[in-house]
Amino acid sequence: MEDGVIKQIGENLIVPGGVKTIDAHGRMLMPGGIDVHTRFQMPDRGMTAADDFYQGTKAALAGGTTMIIDHVVPEPGVSLMSAFEQWREWADGKSCCDYSLHVDITEWHKGIQEEMETLVKDHGVNSFLVYLAYKDIFQLTDAQVYEVFSVIRDLGAIAQVHAENGDIVAEEQRRILEQGITGPEGHVLSHPEEVEAEAVNRAVTVANQTNCPLYVTKVMSKSAADVIAQARKKGTVVYGEPITASLGTDGSHYWSKNWAKAAAYVTSPPLSPDPATPDYLNSLLSCGDLQVTGSAHCPFNTAQRAVGKDDFTLIPEGVNGTEERMSIIWDKCVVTGKMDENQFVAVTSTNAAKIFNLYPRKGRIAVGSDADLVLWDPDVTKIISAKSHNSTVEYNIFEGLEVRGGPLVVISQGKIVLEEGTLHATEGSGRFVARKPFPDYVYKRIKARSRLAELRGVPRGLYDGPVCEVSVTPKTMTPVSSAKTSPAKQPNQPVRNLHQSGFSLSGAQIDDNVPRRNTQRIVAPPGGRANITSLG
Amino acid sequence: MAERRAQRVKAEEELPVYLARPGTADQVPRQKRGGLFCSVEDAFDSKTIDFDALSVGQRGSRIPRTVKREAGQGERRSPAGAENPAGNDTQKVQICSSGGKETLQNLEDEKSDRLLIKGGRIVNDDQSFHADIYMEDGLIKQIGDNLIVPGGVKTIEANGKMVIPGGIDIHTHFQMPYRGTTTVDDFAQGSKAALAGGTTMIVDHVIPEPGSSLLEAYDQWRQWADEKACCDYSLHVDVTHWDDSVKQELDNLIKEKGVNSFQVYMAYKDYYQMSNSELYEVFTFLAERGGIAQIHAENGEIIAKEQGRMLQMGITGPEGHVLSRPEELEAEAVFRAVTIASQTNCPLYVTRVMSKSAADIISQARKKGNVVFGEPITASLGTDGTHYWSKNWAKAASFVTSPPLSPDPTTPDYLNTLLASGDLSVTGSAHCTFSVAQKAIGKDDFTQIPEGVNGVEERMVLIWDKAVTTGKMDENVFVAVTSTNAAKILNLYPRKGRIAVGSDADLVIWDTDAVRTITAKTHNSAAEYNVFEGMELRGAPLLVICQGKIVLEDGNLHATSGVGRFIPCSPFPDFAYKRIKARKQLAVLRAVPRGMYDGPVSEFSMSRGGTPSASARTSPTKQPVRNLHQSGFSLAGPPTPEDVPIRPPGRRIVVPPGGRSNITSLS
């Protein structure tokens, strides 16, 4: 490695002098992890997430993650560009590892569309998040989501979605507060997992209609994961991102007697109270139904959480996880035999790089790739605790969890940042990595489909029969006597005998000569039996 | 045995004539031909529905049951049935000779309400058996063998044909106003067509204009229907807008007007469509009052967008209708409705299931334990959406309905299968016919085509042909999906939907062998097109009895306009609400009792974007935590130091009747 780039790979390499040599002793050397979902330094009602870019990226590096992708959350009414610049400024000043940015769409109008275009073309952003939750703040209507997705498809970006039905959540929150439930358990009771699954299903439908690739952030429940798995079987281009918390712990802690502990688990969608969820999500991650992992690292400390001590709806949302991500997946999936080490690399790094068009610069050990490497020790055991973690918060939601596997040496940008348990992170060394639109991994299929999905009208003669009059005021109607002069009722028209044809399209039919969109409906799409009519 | 018979006859003579032969309601299996399926003696003894319980005044007749049965069978076997006034021995000979056609026997010329169906095979949703039926004053008075009936009875010899409860078409739009015009089938025409097809009750939808009063619209529909309907009817009311006055009207409709089902729309943006929050409120309201929430499931927002796109691309014909309403949008909306209904613990009824994917969502939801009913319609069970591409505009337009017929030609078969398996529960027709001239309102713009297809007349026959003759379902399930389930949902069971003593005399004698070709030339609707044109269907009603009167015989319809009565439906139908009630008791949510949090609290501003306050790192006492790793996520893991019941007791552990549904959400 030289200048932060991998120069040669092979045995008995000829290298210049003055090289620092690391003896791996046959241990695994893998591409550094990419945490696709972080929210460092996120402002929330005048507070800021406890971990800023320095603290957060330090924690990431300590866990073997050498790149993070953070979410820019513009307040509604603030321009995307200025929010983006703000985040760039924060991150450039403090980040210790390479980073990139997603931009969240929190409102929708013409100006936003233009800004999205600028961001994609000039600023290296290729993914935008829309919210189906947070009613009256971030939430967009179905029609707006449809428009956003159409724009995103045209720009060649990835549509991310925070999937929860905000309308129902708002109603449930009101009902639960009315019942006198104000503690953190109200959070999970008002965000039942069905509501998450419903929103995922809706997002998939809209994405299918608009032929836009979809990326579901924070898959927290079995049913949401099932919806994604089903959609993939139907051929939809959709990716699911479980997070460290949903893979590592469950929502039973919301009922903890210790308010501060219960509040530490508050995130949206909430952790599922079903204790079998983490295991299930790990299985889907292993079999490829879920593809990437993030952490949604957005911790708040107890004093900040206490804003909602009398009303769970005010508790700022977010859990930790950027440091624990790689180890937990290793422990839950590789140690248990659900996946092998190659798949581990895929879900922690490579798939993310492919989806967001960073491959092969990131997510792969190859000549020319960035020198972001991790020397992984599968045998080391560690007990996660808030006492020893690199985040600033008092609680760690994985407290006491014993995990096998951890990074031994972490190399970021060609420099050793973790060695023998000591972290040498340099504040501000992180570079912004620009991402190009139309990632092949995603858009190859989308492009093929958009070519297919051309719709055609049926050429017909003009209808020249009588036409009923229409009044626009339907209340005062005098029922028009149903003129039974059927003009087009051509007598003895040979009709299709459905009974005999047994519903086969190949039967002799009068409309056989109609070009029934001959490129369509017959061609099987690569993903399976997706309804081509809908790929528009 | 002769002795016993003598005793019985004596006992009967002491009773008034209607209560003669106490316990005649017990059906006696009639030995027909024997073989593998021959009736086993006493087979029904412990299984039969107690008809006595359904009719007044015949209690206490149960003790001599077995005795009677033996007696009855003895009678049938013995050649001399001397005490039987009808003298059915002579007719029994006719069974063989008459070969398929029933004979009508008027013993007296006097027109009477008294009808006797002899020798029919009664088919209910749970069992079939041979028995005679005696009807008077529009009610079934007796069922059994060798009934003793007063004179002046019109006797119908059914010759072993099936006698089924009259069909209930749970979804019609007769005389529906649409932008100044009205559907061509009014209540007279429509209910005539219904009777011709073996349907003896219809349930129409009242559609108030958004913003107008529900009660006024209801009264208007009542007036139209009372004037013209030829058969009994009931009404659903569509909720097209939502505010407090609508709530009061709903309350009134449920309590006083006999309406227990209300439809809301997820489609028709800016017109009927409701937001998710409104749906939540409507469902919550209905769940409290015991109503059924019906839903027109399509995502209106996306449809509006797609329609705009189609028109922009220059597609203006009826094919644009189906292209702008892909079946995924239907499935999506069904999914959403199921979620909201499950949150609000409200029974859900999905009207017009038109596509495979929507039906799949319903069957999945039922497997998860949700209380949801699906209603495929005649059109979706019988034909498909390929006709939208017909070169004949008028023909293509006649198929326009929402959600549209699926262009996938395997859909009808699939829906019939789900109907047979019980995943879909009831069938309607959504009969809402417009003439070609009316459809032509949308000749240059498919979004303007008035929506609706025919189907009220073809419904029963079509299901028979597609599902029973193909072996998907048996005759009992046929009765269930065409009549009984609908009666149960409307809380009219067992008055409607069953042949039992005390039920309404709405019966159909079904001819399983008749073959008919459907065509617009012969149908009873006023529309010029029939979407099932040219289909050859097996099975047909031979004789239809409505309110105890014969309305269809030998292919002649004797319908009388205005005889139809409004049948009020009461709330909390057991069929749906037994489960709902049980769940309501389970779904009590409890807060965790905790001490007050007294640590530091960050400042925050609701106006976003203030200065972040210093994060005080003072944590309250750290507690020992649950070692998730060791416990392997099992609830039975090592007891945590904080011996809190992680779940409030009584919740989340109890398994609901329907399976693994999430109890947290049943509220």
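The structure presented is a predicted model; accordingly, all values stated were derived computationally and were not measured.

A.B. asks: Explain the overall build of chain A to me, please; I cannot follow it from the model alone.
C.D. replies: For chain A, the helix and strand inventory stands at 16 helices and 14 strands. Scored against the burial criterion, the 536 residues of chain A give a buried share of 63%. In chain A, of all internal contacts separated by at least 6 residues, the share reaching a separation of at least 24 is 79%. Total accessible area on chain A stands at roughly 18,900 Å², and carbon and sulfur atoms take up 51% of it.

A.B. asks: In this structure, what is going on with the UniProt feature "domain: Amidohydrolase-related" (unreviewed entry) in chain A? I would like to understand it.
C.D. replies: Mapped onto this structure's residue numbering, the UniProt feature "domain: Amidohydrolase-related" (unreviewed entry) falls at residues 28-417 of chain A. The span residues 28-417 of chain A is 39% helix and 19% strand, and its two end C-alpha atoms sit 17 Å from each other.

A.B. asks: Would you explain the sheet that holds strand 14 (residues 348-353) of chain B in this entry?
C.D. replies: Residues and elements named next belong to chain B. The strand order across the open sheet built from 7 strands is 7-10-11-12-13-14-15, with neighbouring strands paired in parallel fashion. Both edges of this open sheet fall to strand 7 (167-172) and strand 15 (372-376), since each of them pairs with a single strand only. Between one strand axis and the next, the sheet turns by 25° as a mean value, whatever way the strands run. The pairing of strand 13 (residues 292-296) with strand 14 spans 4 bridges and is parallel. Within the sheet, the bridge partner assigned to Q294 lies in strand 14 and is Y349. Along the sheet, helix 11 (residues 327-344) contacts strand 13, strand 14 and strand 15; its crossing angle with strand 14, the most-contacted strand, is approximately 170°.

A.B. asks: For this particular structure, what's the right way to read the pattern of salt bridges?
C.D. replies: Residue and element names in this part refer to chain A. On inspection of all chains with the given rule, the structure shows 55 salt bridges over all chains. As a salt-bridge pair, E117 and K121 come within 3.1 Å of each other at their nearest N and O atoms. Remark: K121 and E117 occur in helix 3 (residues 110-122); sequence separation between them is 4 residues, near one turn of the helix. Residue E117 is classed as partly exposed on the basis of its relative accessible area of 34%. A salt bridge links R174 to E178; the nearest nitrogen and oxygen atoms lie 3.6 Å apart. Residue R174 and its partner E178 are located together in helix 5 (residues 166-178), separated by 4 residues, close to a single helical turn. Classification of R174 as partly exposed rests on a relative accessible area of 43%.

A.B. asks: What's the story with the packing of helix 3 of chain A against helix 4 (residues 142-155) of chain A in this structure? I'm lost.
C.D. replies: When two helices pack together, their arrangement is given by the angle between their axes and by how far apart the axes lie. All names here are of chain A. Running from N to C, helix 3 and helix 4 cross one another at 30°; their axes reach a closest spacing of 11 Å. If you check the angle between helix 3 and helix 4, you find them roughly parallel. Between helix 3 and helix 4 the crossing geometry is right-handed. On helix 4, the residues that touch Q113, M116, E117 and V120 of helix 3 are V148, V151, I152 and L155. The residue inventory of the contact of helix 3 with helix 4, partitioned by class, reads 6 nonpolar, 1 polar and 1 charged.

A.B. asks: Would you mind going over the sheet that holds strand 8 (residues 158-162) of chain A with me for this structure?
C.D. replies: The pairing of strands in a sheet comes from backbone hydrogen bonds and takes either a parallel or an antiparallel form. Residue and element names in this part refer to chain A. One open sheet holds the 7 strands; their spatial order is 2-5-6-7-8-9-10, and the pairing between them is parallel. Because the sheet does not close on itself, it has two edges, and the strands there are strand 2 (33-38) and strand 10 (238-242). Across the sheet, the mean angle separating the axes of adjacent strands is 25° when strand polarity is ignored. Here strand 5 (residues 65-72) runs beside strand 6 (residues 98-105); their pairing, made up of 6 bridges, is parallel. Following the sheet pairing, H71 is matched in strand 6 by H102. Taken strand by strand, helix 2 (residues 80-94) contacts strand 5 and strand 6, and its axis lies near 155° from that of strand 6.

A.B. asks: Quick question: what am I supposed to make of the environment of A287 of chain B here?
C.D. replies: All names here are of chain B. Position of A287 among the secondary structure elements: in helix 8 (residues 276-289). By relative accessible area, which is 3% here, A287 ends up buried. For A287 and L348, which are 61 residues apart along the polypeptide, the C-alpha to C-alpha distance reads 9.8 Å. What A287 contacts, discounting residues up to four positions off in sequence, is T344, N345, C346, F572, Y577 and K584.

What counts and what doesn't
- Residues numbered from 1 in each chain as written.
- Chains lettered and ligands numbered in written order.
- Predicted model: local features only at pLDDT ≥ 70, side-chain atom pairs only at ≥ 80, totals over all residues.
- Heavy atoms only, no water.
- Helix = DSSP H or I, 4+ residues; strand = E, 2+ residues; numbered from the N terminus.
- Buried < 20%, exposed > 50% of the residue type's maximum accessible area, 1.4 Å probe, protein only.
- Contact = heavy atoms within 4.5 Å.
- Areas by Shrake-Rupley, 256 points an atom, 1.4 Å probe, with all protein chains shown as cover.
- UniProt positions renumbered as here; feature names shortened; annotations may be inferred.
- Pairing = 2+ DSSP bridges.
- Axes fitted to C-alpha atoms, helices over the stretch in contact; angles between N-to-C directions.
- Salt bridge = Lys/Arg side-chain N within 4 Å of Asp/Glu carboxyl O.
- Parallel < 35°, antiparallel > 145°, perpendicular 65-115°, else oblique.
- Left-handed = near helix turned anticlockwise from the far one by under 90°.
- Nonpolar A, V, L, I, M, F, W, Y, C, P; charged D, E, K, R; others polar.

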